[in-house]
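Topology and contacts: notes
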Amino acid sequence: MKDLNASSSTWADTLPSQWGPELAQTEIEVPLNRPPQDTPAQPPAPPVAASERLPLWGWMREGLRAALFLPPRTAAAAPTPWQLLVLSLVGGALLVAAARWQVEGPAQFNLRGWLTPMWSSLVLLWLAWWAMAPAQRAPAGAAAWVSGVPAPTGGLAAWYVLTAWAPLVPLLVLYALMATAVHRPGLWDGMVAAIVFWVAYGGLTLWVLAALVVVSARFIRSRVRTAVFAVALAAVIGVGMWQFQDQPWEPEAQAMADAAPASADEAQAPEPVPLALTQAMFEEQQILWQQQVEALAPERPGVVDVYGLVFAPYADEDVFRRESTMVSRLLQERFDAQGRVLHLLNHADTAETHAWATPENLQRAIAALAARMDREQDVLVVYLTSHGARDHALAASHWPLQVAPATPEMLRAALDAAGIRHRVIAVSACFAGGWIEPLATDSTLVMTAADATHTSYGCGRLSELTFFGRAVFNEQLRQTHSFTEAFAKAVPLIRQREVEAGKADGFSNPQIRVGKQIAPVLQALEQRLQTATAEPEASGGSLAATTAAVAAPASRAP
């Protein structure tokens, strides 16, 4: 008889009772979500999970690896607040310490110079936040992989730490390169050495920019946004280098000069009175300018005349007024330039007697002198005195009048446009050596109070004259009519006086360059002036009268 409890289904053969008594009670678990066998394997888990943290040294290591353009192995890790603080302080301290070597001798910390560049960090933080926002919002599984390493997704804090340490190596090398220019300037003398220096400087700068862009691109993961960020990064850094050149360290030379007045009377000297700017003064300046230009004496045929342009744009310190006045008188007394000198001066007490020393008046003065002189034969002596900056701009101050600084390129362009051939240019300012290359021609003599990397001395508020103006013009050029001889004799005097005054940032190292075409012109001028000066004083003839007598036959020649 058929067993009604037995199943006739084909599943009957698969009942547990048919697997044997030992397996009859075993529970079999059948996975329902097993992937197909041909599904590709997932990539290995990231080395750092979102919940993990890198140690302090790990962040330093990954940042330094990024300097070699290697992908940072930080994955989703983000620095803790204290790690962020320590890493920022350590990196900044290394750069500040390296910057100290760019100042020779005793230096003082310049808080403003240290804080000023930080505006760029705030701008770059905002730019980075904007650029990486889409990538950082992407799902965790959508992270890109580079060379077997997942792209970093630690957010703005991780980006900040890595970009602070990625350019550290090239920046330290760059600071060391700049320090050699300060401590061993002779190492980079010559055209080949100068080319090597600037190629190295440019290469290190590009390395810094490239390291910042590459490590930022790991976070951004968008070509368009990376390109925008790179352009903005270069613009921010360029603006900072152009407009904000303050350094965290500055020499103490100026403070020492101010602390050592030349006399007790000068120690009591009040601050200069600021200019009272009125419409009447503007109109008087226009009339004064016209009168002084019209009063310029014409050139004399057959005579190499000396014309002068003295430029003192810094009104806040009387030393520049005294020095420019001394040079103006010297040119007229010793170089037969009576009536041929324009003296541009910024000072509250001289607004009614001197045209203002502004870049516009500097260009107008050169054009006016060129219209009076024989531009092919006569000699123009230009003397500029003021404070100088590391970018070689000549400081200007005449508050409340806004006066832009003069630059060597500006002066060169004005002289070339005027067509004046023979030029003697003296620049009494710190870092004035940077004026030599832009102004040098075969028909130009250029001398400066310092080289391009050192300060000059004696430009403090309580100084009588600068060391350069005193030694070269007020002393040596009263004994000779040779600019080269006066310069050569003045340099050891300047060195000795700087040592005696305690100048601690190194010798100013005055510079001179004489073009081969102007050398014979100045030698002939020296001989003429020396001969005229040697005439017996008993004859009562002045230097100008003697010169006029010599020039008379030439002017009557057919």
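About the cut-offs
Residues numbered from 1 in each chain as written. Predicted model: local features only at pLDDT ≥ 70, side-chain atom pairs only at ≥ 80, totals over all residues. Heavy atoms only, no water. Helix = DSSP H or I, 4+ residues; strand = E, 2+ residues; numbered from the N terminus. Buried < 20%, exposed > 50% of the residue type's maximum accessible area, 1.4 Å probe, protein only. Contact = heavy atoms within 4.5 Å. Areas by Shrake-Rupley, 256 points an atom, 1.4 Å probe, with all protein chains shown as cover. Expected span 1.5 Å × (residues − 1). Salt bridge = Lys/Arg side-chain N within 4 Å of Asp/Glu carboxyl O. Pairing = 2+ DSSP bridges. Axes fitted to C-alpha atoms, helices over the stretch in contact; angles between N-to-C directions. Phe/Tyr/Trp six-rings, centres within 6.5 Å; stacked < 30°, edge-to-face > 60°. Patch = residues over 30% accessible without salt bridge, like charges linked within 9 Å, V, L, I, M, F, W, Y side chains within 5 Å. Parallel < 35°, antiparallel > 145°, perpendicular 65-115°, else oblique. Left-handed = near helix turned anticlockwise from the far one by under 90°. Nonpolar A, V, L, I, M, F, W, Y, C, P; charged D, E, K, R; others polar. Polar contact = N/O pair within 3.5 Å; in protein donor to acceptor, adjacent residues only side chain to side chain. Right-handed = clockwise from strand over helix to strand, strands pointing away. pLDDT = per-residue confidence, 0-100.

**Side note on the overall build of the protein chain**
In terms of regular secondary structure, the protein chain is built from 19 helices and ten strands. Across the 558 residues of the protein chain, 44% fall into the buried class. Long-range contacts, defined as pairs at least 24 residues apart, comprise 77% of the intrachain contacts of the protein chain with a sequence gap of at least 6. When the accessible surface of the protein chain is summed, it comes to about 28,600 Å², and 61% of that surface belongs to carbon and sulfur atoms.

**Digging into helix α2 (residues 81-100)**
Between its first and last C-alpha atoms α2 spans 29 Å; for 20 residues at 1.5 Å apiece the expected length is 28 Å, and the two agree. Turning to α2, its buried residues are Q83, L87, G91, V96, A98 and A99. On its buried side, α2 packs onto α1 (56-66), β1 (107-109), α3 (111-115), α5 (155-165), α6 (168-183) and β4 (249-251).

**Brief notes about the pattern of salt bridges**
Applying the stated criterion across every chain yields a total of 16 salt bridges. Note that R300 is salt-bridged to D305, the shortest N-O span being 2.4 Å. Note on R300: relative accessible area 16%, which makes it buried. As a salt-bridge pair, R300 and D336 come within 2.8 Å of each other at their nearest N and O atoms. Residue R300 is located in the loop between α11 (279-294) and β5 (306-312), and its partner D336 is located in the loop between α12 (318-334) and β6 (341-345); the two are separated by 36 residues in the primary sequence. The buried category is assigned to D336, whose relative accessible area is 1%. Salt bridges sharing partners connect three or more residues here, namely R61, E62, R65 and R73.

**Observations concerning the sheet that holds β5**
Spatially, β6-β5-β7-β8-β9-β10 is the arrangement adopted by the six strands of the open sheet, whose pairing is mixed. Of all the strands in the sheet, just β6 and β10 (511-514) have a single pairing partner and so form its edges. With direction set aside, neighbouring strand axes in the sheet form an average angle of 10 degrees. Relative to β10, strand β9 (residues 444-448) is paired through four bridges, and the arrangement is antiparallel. By the bridge assignment for β10, V446 is matched with R513. Each of β7 (379-385) and β8 (422-428) is contacted by helix α14 (residues 408-418), which is oriented at about 160 degrees to β8, the strand it contacts most. In this fold helix α17 (residues 483-501) packs onto β7, β8, β9 and β10, with an angle of close to 20 degrees to the strand it touches most, β9.

**Focus: the packing of aromatic side chains**
According to the stated counting rule, one finds nine aromatic pairs in the structure shown. Ring plane angle 90 degrees and centroid distance 5.6 Å describe the contact between F282 and W356, whose orientation is recorded as edge-to-face. Pair noted here: F282 is in helix α11 and W356 is in the loop between β6 and α13 (359-372), with a separation of 74 residues, a long-range link. Their ring planes at 80 degrees and their centres at 5.9 Å tell us that Y314 and F320 sit as a pair that is edge-to-face. Looking at Y314, the relative accessible area reads 18%, which means it is buried. Within the aromatic cluster, the residues linked to one another by ring pairs are F197, W198 and Y201.

**Digging into a nonpolar patch on the surface**
There is a patch of nonpolar side chains on the surface, built from W126, W129, W130, L156, V224 and V228 and spanning about 620 Å² of accessible area. Looking at the nonpolar patch, the elements that each hand over two or more residues are α4 (118-137) and α8 (223-243). By residue number, the principal contributor to the nonpolar patch is α4, which donates three residues. Residue position: W130 is located in helix α4.

**Comments concerning the packing of α4 against α5**
In a packed pair of helices, the relevant descriptors are the angle between the two axes and the axis-to-axis distance. One way to put it is that α4 packs onto α5 with a least axis distance of 10 Å and a crossing angle of 125 degrees. Classed by the angle they form, the pair α4 and α5 counts as oblique. Crossing of α4 over α5 shows right-handed handedness. Facing L124, L125, A128, W129, M132 and Q136 of α4, the residues of α5 in contact are G155, L156, W159 and Y160. Considering only residue class, the contact of α4 with α5 consists of eight nonpolar, two polar and no charged.

**What to know about the side chain of S508**
For S508, the position within the fold is in the loop between α17 and β10. In this structure the side chain of S508 is engaged in a polar contact, spanning 2.6 Å, whose partner is the side chain of E498. Residues within four places of S508 in sequence aside, it is in contact with A449, A450, D451, H454, T455, S456, I494, E498 and K503.

**Notes on the pairing of β6**
Consecutive side chains of a regular strand alternate in pointing toward one face of the sheet and then the other. For β6, the buried fraction is high: five of the five residues fall into the buried class. Bridging between β5 and β6 involves five bridges; their strand directions are parallel. Following the sheet pairing, F311 is matched in β6 by L344. Where the polypeptide runs from β5 across α12 and back to β6, its parallel neighbour, the crossover connection is right-handed.

**A closer look at the confidence of the model for the protein chain**
Summary statistics for the protein chain give a mean pLDDT of 81 and a share of 78% for residues scoring 70 or more. When the criterion is pLDDT under 50, residues 45-51 qualifies, and its contacts beyond four places in sequence or with other chains add up to eleven contacts. Between residues 253-269, whose pLDDT stays under 50, and residues either more than four places distant or in other chains, the model counts 23 contacts.

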